[in-house]
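# Summary of the model geometry
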Amino acid sequence: MHAKKLLPTIVMWVFGVLFFLPVYWLVASSLKSDAEITRFPPTFWPETMVWKNYPEIWDLLKFNVTSLNSLTVAVPTVLLTVLFSSMAGYAFSKKRFLGKDAMFVVLIATMTVPPTVLLLPLYFIITKLGMFDTLLGLILPFSVTVFAIFFTKQSIDDIPNEMLEAAKVDGSGDFRTFFQIVIPLLRPTLTALIIIDFVQNWNSFTMPLVLLQSESNFTLPLKLALMAQESVSIPWSKILAANVLTLLPVLILFIAMQKQFVAGLMAGAVKG
Amino acid sequence: MSYIRRKLGDLSAYAFILPAFLILGLFLVYPVIWSVVASFKDIKPMALQQAGLFEIPGKIVGFDYYADALQNPLFLKALVNTLYFGIIFVPITMLGSVLLALLVNQKLAGVNFVRTVFFIPYIISVVSASLIFVFLFNGDRGLVNALLSNIGIEGPNWLASSVWAMPVIAIMTCWRNIGYFMLIYLSGLQSIPTDLYEVADVEGASKFEKFRYVTWPLLGRVSLVVMILLLISSLNVFQEVYIMTGGGPADSTTTVPFLIFNRAFKYYEIGPAAAMSYILFVIVIIITIIQKKLVDKRLG
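A quick note: this is a predicted structure, and the numbers were derived from the prediction, not measured. (Residues numbered from 1 in each chain as written. Chains lettered and ligands numbered in written order. Predicted model: local features only at pLDDT ≥ 70, side-chain atom pairs only at ≥ 80, totals over all residues.)

## Here we look at the overall build of chain B
Broken down by element type, chain B carries 14 helices and two strands. Its C-alpha atoms give chain B principal-axis dimensions of about 75 × 70 × 35 Å. Counting over 300 residues, chain B shows a buried share of 40%. A separation threshold of at least 6 residues defines the contact pool for chain B, and within that pool the share at least 24 residues apart is 67%. (Helix = DSSP H or I, 4+ residues; strand = E, 2+ residues; numbered from the N terminus. Buried ≥ 20, exposed ≤ 12 C-beta atoms within 10 Å, placed from the backbone. Contact = placed C-beta atoms within 7 Å.)

Below, the structure written as structure tokens:
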């Protein structure tokens, strides 16, 4: 390595350590005993690893139920988002229909709407539809996103029209062409979209807070937040263990699919 | 007949667009309309309970709720608090992400690994990140105060202080966002054609000149977009406040979205909450228009 690269390398690693410190502190503290966690100054490394914090908090968090609820929301939402948004993206990219331009303008305009504006009406609309305190109320309203439509449209634009016309000449119907030609070509785009949308839905907090009432329906972040707020009796080490359990699934997903995730986000960022 | 046919376009297109049309219509466009109508009406929660899906019952009160909001000391305080958040969050995030992008754009030892590390906070949920920072900045036994006491400073009880609580929330948000905006800058930096730098080399440009005339103009363009995204996200701070401080101490961390949430879901003041949310919307629109003007001016 060149000597002149030494300084930037050191600076970069110092920042890297600084950024990682909160995550390290989270994991280290989650393994401390109830007594050790209250000590000041804190120990940098747990004196004894208290692994049993995890099974204990697993029960308090009702991890079996809450994680299943989170999956029950996230998986269908992501699958529907991919299907409905790429269908719309296909129509916007390759089809002519009445009101296309007007609809496109409306979609672009909605990107400036602050989420706070939607909160109250969504609560009433979902309640009116009988979906208050149901997981369906967290799935259906988010089963298409404007971001996903633009994101898929952008990739469908790159598919040559000749290819689709050739399929038509061969007697392929519109839906067959879409599922057998367009969807397979979109694979990298859709992979990225699946990861981004999954992380977003898994991490969602505000809508579950407003829409869920029964504890048996709570999703992970909601349960975690309420647990941390309501109970002064639970020691911090266990709250942090619950935190690790909550973010582990997305962390694993991210590390496994890093490349697609980053590529997808950057493509989205250029648009935004 | 054929004219109508031509006008209608592909009939199958309607089938493709239908699910998105219904869902976005009902859960995005209708809520935007609902809010604006509600902001002009005195809506009783009881009447609303009995109303149909497309009814918004209540007496029209005109711009009363808008006037009330603009005279409400707490709303004005929430605007100032939001501004305080933005003043810390926007510059630190911009500077941080530019600096890190310039660093990780070089071939340094372990650069790919460190890039990933910078990015990890972005996928951590706001709930998780907030809890981590509540613990880090705990007054009695937090890591931050332990580190400060090593250099002889006695740290405050951060989140219980009306001066320090908001900066802690802002720093947490910086930590979560810098990695993402670093990537945006990085993709910008990597889109600069290398010939530009080669030409500069041939011309005998110094390192500083290359930065000044090649890198800097690009950073300026990207920064304009980044700044708007950051300004808009400054106006949407809710979850962090809900979890870290609950708006306190003494309303010092009550942001506009947090105030609206309380008005709506704690006190059921539907019209006033809707009016406040539309004031927020108008601010976002103004910022977006200014951005568009600036971008057009720079690129045109």
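## Considerations on the overall build of chain A
Along the backbone of chain A there are 15 helices and zero strands. For a compact globule of 272 residues, the expected C-alpha radius of gyration is about 19 Å, and chain A comes in at 23 Å, more than 25% above that figure. Across its three principal directions, the C-alpha atoms of chain A cover 75 × 65 × 35 Å. Among the 272 residues that make up chain A, the fraction classed as buried is 43%. (Rg over C-alpha atoms; globule rule 2.2 N^0.38 Å.)

## Some details on the nonpolar core
The tendency in soluble globular proteins is for nonpolar side chains to be buried as a group. Counting residues in each nonpolar core, the largest one holds 154 residues, and the members touching the most others are A:A88, B:A20, B:F133, B:I169, B:M182 and B:M276. Among the domains, domain 1 (2-60) and domain 2 (72-267) of chain B are the pair contributing at least three residues each to this core. If sequence neighbours within four positions are ignored, B:F133 has contacts with B:V168, B:M172 and B:M244. (Core = buried A, V, L, I, M, F, W, Y, C linked by C-beta atoms within 7 Å. Domains from an automatic or database assignment.)

## Details of helix α13 (residues 256-265) of chain B
A large share of α13(B) lies buried, amounting to eight of its ten residues. Residues B:V256, B:P257, B:F258, B:L259, B:I260, B:F261, B:R263 and B:A264 constitute the buried set of α13(B).

## Quick word on the interface of chain A and chain B
The accessible area lost on association of the parts is a frequent measure of interface size. Between chain A and chain B, the residue contacts involve 76 residues of the former and 77 residues of the latter. Counting residues per element, the side of chain A that touches chain B draws most heavily on helix α1 (residues 6-30) of chain A, at 14 residues. A class-by-class count of the residues in the side of chain A that touches chain B yields 55 nonpolar, 15 polar and six charged. (Nonpolar A, V, L, I, M, F, W, Y, C, P; charged D, E, K, R; others polar.)

## Re the packing of helix α9 (residues 165-190) of chain B against helix α11 (residues 207-234) of chain B
Residues and elements named next belong to chain B. It is the contact of α9 with α11, at a shortest axis distance of 10 Å, that shows an interaxial angle of 145°. For the pair α9 and α11, the crossing hand works out as right-handed. Of the residues in α11, those touching α9 at F181, I184, Y185 and G188 are L218, V222 and V226. Class assignment for the residues of the contact of α9 with α11 results in six nonpolar, one polar and no charged. (Axes fitted to C-alpha atoms, helices over the stretch in contact; angles between N-to-C directions. Left-handed = near helix turned anticlockwise from the far one by under 90°.)

## Digging into the environment of B:S97
All names here are of chain B. Position of S97 among the secondary structure elements: in helix α5 (residues 73-104). Since 26 C-beta atoms lie within 10 Å of it, S97 is described here as buried. In this structure the C-alpha to C-alpha distance between S97 and I228, which are 131 residues apart in sequence, comes to 15 Å. In contact with S97, not counting residues within four places along its chain, are I178, F181, M182 and Y185.

## A closer look at helix α6 (residues 115-128) of chain A
Because an α-helix packs 3.6 residues into every turn, residues spaced three or four apart end up facing the same way. All names here are of chain A. If you check α6, its first and last C-alpha atoms are 20 Å apart, about what 14 residues at 1.5 Å a residue would give, namely 20 Å. Along its length, α6 reaches its greatest deviation from straightness, about 30°, at P121. Among the 14 residues in α6, ten count as buried, and that is most of the element. Immediately downstream of α6, the backbone of G130 shows phi near 75°, a positive value. (Expected span 1.5 Å × (residues − 1). Bend = angle between axes of the 7 residues up to and from the residue.)

## Some points on the packing of α1(A) against α5(B)
When two helices pack together, their arrangement is given by the angle between the helix axes and the distance between those axes. It is at 10 Å that the axes of α1(A) and α5(B) come closest, and there the two elements cross at 130°. Relative to α5(B), the element α1(A) lies oblique. Pair α1(A) / α5(B) crosses with left-handed handedness. On α5(B), the residues that touch A:P8, A:V11, A:M12 and A:F15 of α1(A) are B:L100, B:L103 and B:V104. (Parallel < 35°, antiparallel > 145°, perpendicular 65-115°, else oblique.)

## Quick look at the confidence of the model for chain B
Residues with a pLDDT of 70 or more make up 99% of chain B, whose mean pLDDT is 90. Interface scoring of the predicted complex returns ipTM 0.90; its pTM is 0.90. (pLDDT = per-residue confidence, 0-100.)

## Some points on unusual backbone geometry
Most peptide bonds take the trans form, and the phi angle of most residues other than glycine is negative. Residues and elements named next belong to chain B. Look at the link from G248 to P249: it is a cis peptide, with omega at -10°. Along the chain, P249 turns up in the loop between α12 (239-244) and α13. Unusually for a residue other than glycine, Y268 sits at a positive phi of about 55°. Considering the arrangement of structural elements, one finds Y268 in the loop between α13 and α14 (270-299). Since 13 C-beta atoms lie within 10 Å of it, Y268 is described here as partly exposed.

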